[in-house]
Amino acid sequence: MITGATRLAGVIGDPVRHSLSPVIHNAAFADLGLDWVYVALPVAAGGGAAAAEAMRTLGIDGLSVTMPHKGDVAVAADELSTAAAALGVANCLQRVTGPDAGDRTGDRIVGHSTDGDGFVWAFEHRFGVPPEGLSFLVAGAGGAARSIVEALGRAGAAGIAVTNRSPERAVPVAALAPCARVGEATVDEVAAADVVVNTTSVGMAGGPDPDGCPIPIAGLRTGHRVVDIVYQPRRTPLLVAAEAVGAATDNGVAMLVGQAALAFELWTGVDAPIEVMTAAVEAADR
Ligand code: ATR
């Protein structure tokens with residue numbers, strides 16, 4: 001039941017009504033009996049900084065941030081996590097209460113980027129090993145690729161080859177981790193990696209090339225770990241091809257849950273109920 005004491009979190013973006021985040025977080029609050037509620041807040045382009053400030057004004061404890069506000073809120077935040085500072089974007093805002101809890105003007109708004117660490121969490125959860133010492137091929141050069149490359153660098157990956165249709169866009173992505181370089185999606189490059197990751201929209205339902213595969217499948221082999229961060233469909237053409245050669249695979253559900261779980265823990269200080277959050281995604285998104 002929502003009471004006078006209920007604490008508020010939400011997601012800002014445009015569009016945002018399709019977001020799975022309310023379902024994920026409200027399922028977690030309910031499971032743990034936390035008196036919190038999470039809502040979708042449509043905020044038009046240009047409103048990100050005002051929304052961050054509204055956390056102080058209204059006492060909002062946490063905001064997830066999606067398109068087109070991730071850059072604006074990173075500028076507006078009072079401080080940034082390591083990842084958010086490196087990337088120049090935040091997908092999660094946390095209100096940290098100041099010395100006088102009754103006067104929220106002293107509260108600090110902290111910007112985090114939980115996508116990359118959510119990917120690393122999901123990788124460890126699915127495959128049972130950390131990224132440390134492994135070589136990765138990451139296809140794509142958008143915001144998701146940036147988050148993942150930066151986090152893999154911090155997690156001790158041995159090497160990261162960043163490949164992209166437009167190779168020049170891969171250059172600033174590779175600069176986010178000392179172990180990363182611009183690569184080419186050749187059969188040899190794919191075969192040489194321990195882990196292959198798709199961050200492009202190729203293979204995504206409703207995307208530019210739903211039947212396509214972002215890397216040459218001839219390079220896939222048994223022993224590969226293959227992750228597609230797409231979750232619609234659950235089995236993209238890349239994952240189908242990887243399974244056919246006996247590679248271990250994972251789709252984007254775990255990263256979606258992982259980034260949400262990290263935000264949840266930042267806001268509430270409580271361990272996130274991962275299985276409940278995953279079940280909420282599966283029930284809501286068929
Ligand atoms: P996000 O921020 O969500 O990670 P984005 O910035 O929209 O994504 O980037 C989409 C990625 O998918 C890019 O790497 C894009 O390649 P380009 O940089 O060359 O545009 C890639 N992509 C989209 N459609 C593609 C296609 N048909 N073939 C290959 N790559 C494609």
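Residues numbered from 1 in each chain as written. Predicted model: local features only at pLDDT ≥ 70, side-chain atom pairs only at ≥ 80, totals over all residues. Heavy atoms only, no water.

J.: Explain the overall build of the protein chain to me, using residue names and the numbers behind them.
T.: In terms of helices and strands, the protein chain carries eleven helices and twelve strands. Taken against the 2.2 N^0.38 rule, which gives 19 Å for 286 residues, the C-alpha radius of gyration of the protein chain at 19 Å falls within 12% of a compact globule. Principal-axis analysis of the C-alpha atoms gives the protein chain an extent of 60 × 35 × 35 Å. Here the protein chain holds 286 residues, and 51% of them are scored as buried. Residue pairs at least 24 apart in sequence account for 67% of intrachain contacts in the protein chain once pairs closer than 6 positions are excluded. (Helix = DSSP H or I, 4+ residues; strand = E, 2+ residues; numbered from the N terminus. Rg over C-alpha atoms; globule rule 2.2 N^0.38 Å. Buried < 20%, exposed > 50% of the residue type's maximum accessible area, 1.4 Å probe, protein only. Contact = heavy atoms within 4.5 Å.)

J.: Can you tell me about the site of the ligand, naming the residues and giving the values?
T.: Around the ligand, 13 residues are found, and the nearest of them are Gly 143, Asn 164, Arg 165, Ser 166 and Arg 169. The contact in question runs from an oxygen atom of the ligand to an N or O atom on the backbone of Ala 141, over 2.9 Å. Between the ligand and Asn 164, the relevant distance is 2.6 Å, taken from an oxygen atom to a side-chain nitrogen or oxygen of the residue. Bound to the protein, the ligand loses 66% of the 640 Å² it would expose on its own. In the shell around the ligand, the residues fall into four nonpolar, seven polar and two charged. (Near = heavy atom within 4 Å. Polar contact = N/O pair within 3.5 Å; in protein donor to acceptor, adjacent residues only side chain to side chain. Areas by Shrake-Rupley, 256 points an atom, 1.4 Å probe, with all protein chains shown as cover. Nonpolar A, V, L, I, M, F, W, Y, C, P; charged D, E, K, R; others polar.)

J.: Can you explain the sheet that holds strand β7 (residues 135-139)? Please cite residues and give values.
T.: Spatial ordering of the open sheet is given by β9-β8-β7-β10-β11-β12, a layout of six strands whose pairing is parallel. With one partner strand each, in any of the chains shown, β9 (180-182) and β12 (248-250) form the two edges of the open sheet. On average, adjacent strands in this sheet sit at an angle of 20° to one another, irrespective of strand direction. Bridging between strand β10 (residues 195-198) and strand β11 (residues 225-228) involves four bridges; their strand directions are parallel. Along β11, the bridge assignment pairs Val 196 with Val 226. (Pairing = 2+ DSSP bridges. Axes fitted to C-alpha atoms, helices over the stretch in contact; angles between N-to-C directions.)

J.: Quick rundown of the sheet that holds strand β3 (residues 62-65)? Include the residues and the values.
T.: As summarised here, the arrangement of the six strands in space is β2-β1-β3-β5-β6-β4, forming an open sheet in which the pairing is mixed. If you trace the sheet from one side to the other, it starts and ends with β2 (36-42) and β4 (79-80), each paired once. In this sheet, β2 lies alongside strand β1 (residues 7-13) in parallel orientation, the contact comprising seven bridges. Among the inter-strand pairings, Arg 7 is bridged to a residue of β2, identified as Trp 36. Strands β1, β2 and β3 of the sheet are contacted by helix α1 (residues 21-32), whose axis makes an angle of about 170° with β2. This element, helix α2 (residues 48-58), spans β1, β3, β5 (92-96) and β6 (108-112) of the sheet and lies at about 30° to β5.

J.: Account for the packing of aromatic side chains, naming residues and giving values.
T.: All told, the structure shown has five aromatic pairs when counted by the stated rule. Consider the rings of Tyr 38 and Trp 267, whose centres lie 6.1 Å apart with planes at 35°: the pair is tilted. Of this pair, Tyr 38 sits in strand β2 while Trp 267 sits in helix α10 (residues 253-268), and the two are 229 residues apart along the sequence. By relative accessible area, Trp 267 is classed as buried at 7%. Among the aromatic residues, those joined into a ring-pair cluster are Phe 29, Trp 36 and Phe 264. (Phe/Tyr/Trp six-rings, centres within 6.5 Å; stacked < 30°, edge-to-face > 60°.)

J.: Describe the packing of α1 against α10, and please don't skip the residues or the numbers.
T.: Taken N-terminus to C-terminus, the directions of α1 and α10 make an angle of 55°; their axes are 10 Å apart at the nearest point. Between α1 and α10, the angle is such that the two are oblique. The chirality of how α1 crosses α10 is right-handed. The residues of α10 that touch α1, namely those facing Ile 24, His 25, Ala 28, Phe 29 and Leu 32, are Leu 256, Ala 260, Phe 264, Trp 267 and Thr 268. For the contact of α1 with α10, the per-class residue count stands at eight nonpolar, two polar and no charged. (Parallel < 35°, antiparallel > 145°, perpendicular 65-115°, else oblique. Left-handed = near helix turned anticlockwise from the far one by under 90°.)

J.: Please give an account of the domain arrangement of the protein chain that cites residues and values.
T.: Each assigned domain of the protein chain is listed here: domain 1 (7-113 + 255-284) and domain 2 (116-251). Computed over C-alpha atoms, the centres of domain 1 and domain 2 are 26 Å apart. Contacts between the two partners involve 15 residues from domain 1, matched on the other side by 15 residues from domain 2. Across the interface of domain 1 and domain 2, roughly 1,200 Å² is buried in total on both sides, 67% from carbon and sulfur atoms. The largest share of the area that domain 1 buries against domain 2 comes from Leu 87, Met 255 and Leu 262, three residues that together contribute 45% of it. (Domains from an automatic or database assignment. Buried area = accessible area lost by both parts, 1.4 Å probe.)

J.: Talk me through the pattern of salt bridges; I want residue IDs and the actual numbers.
T.: In the structure shown here, the tally under the stated rule is 13 salt bridges. Asp 107 is the partner of Arg 95 in a salt bridge, and the nearest nitrogen-oxygen pair spans 2.5 Å. Note that Arg 95 is positioned in strand β5 and Asp 107 in the loop between β5 and β6, a separation of twelve residues in sequence. Residue class for Arg 95 comes out buried when judged on its relative accessible area of 13%. Judged by relative accessible area, which is 2%, Asp 107 ranks as buried. It is possible to trace a salt-bridge network through shared partners that takes in Arg 7, Asp 61, Arg 95 and Asp 107. (Salt bridge = Lys/Arg side-chain N within 4 Å of Asp/Glu carboxyl O.)

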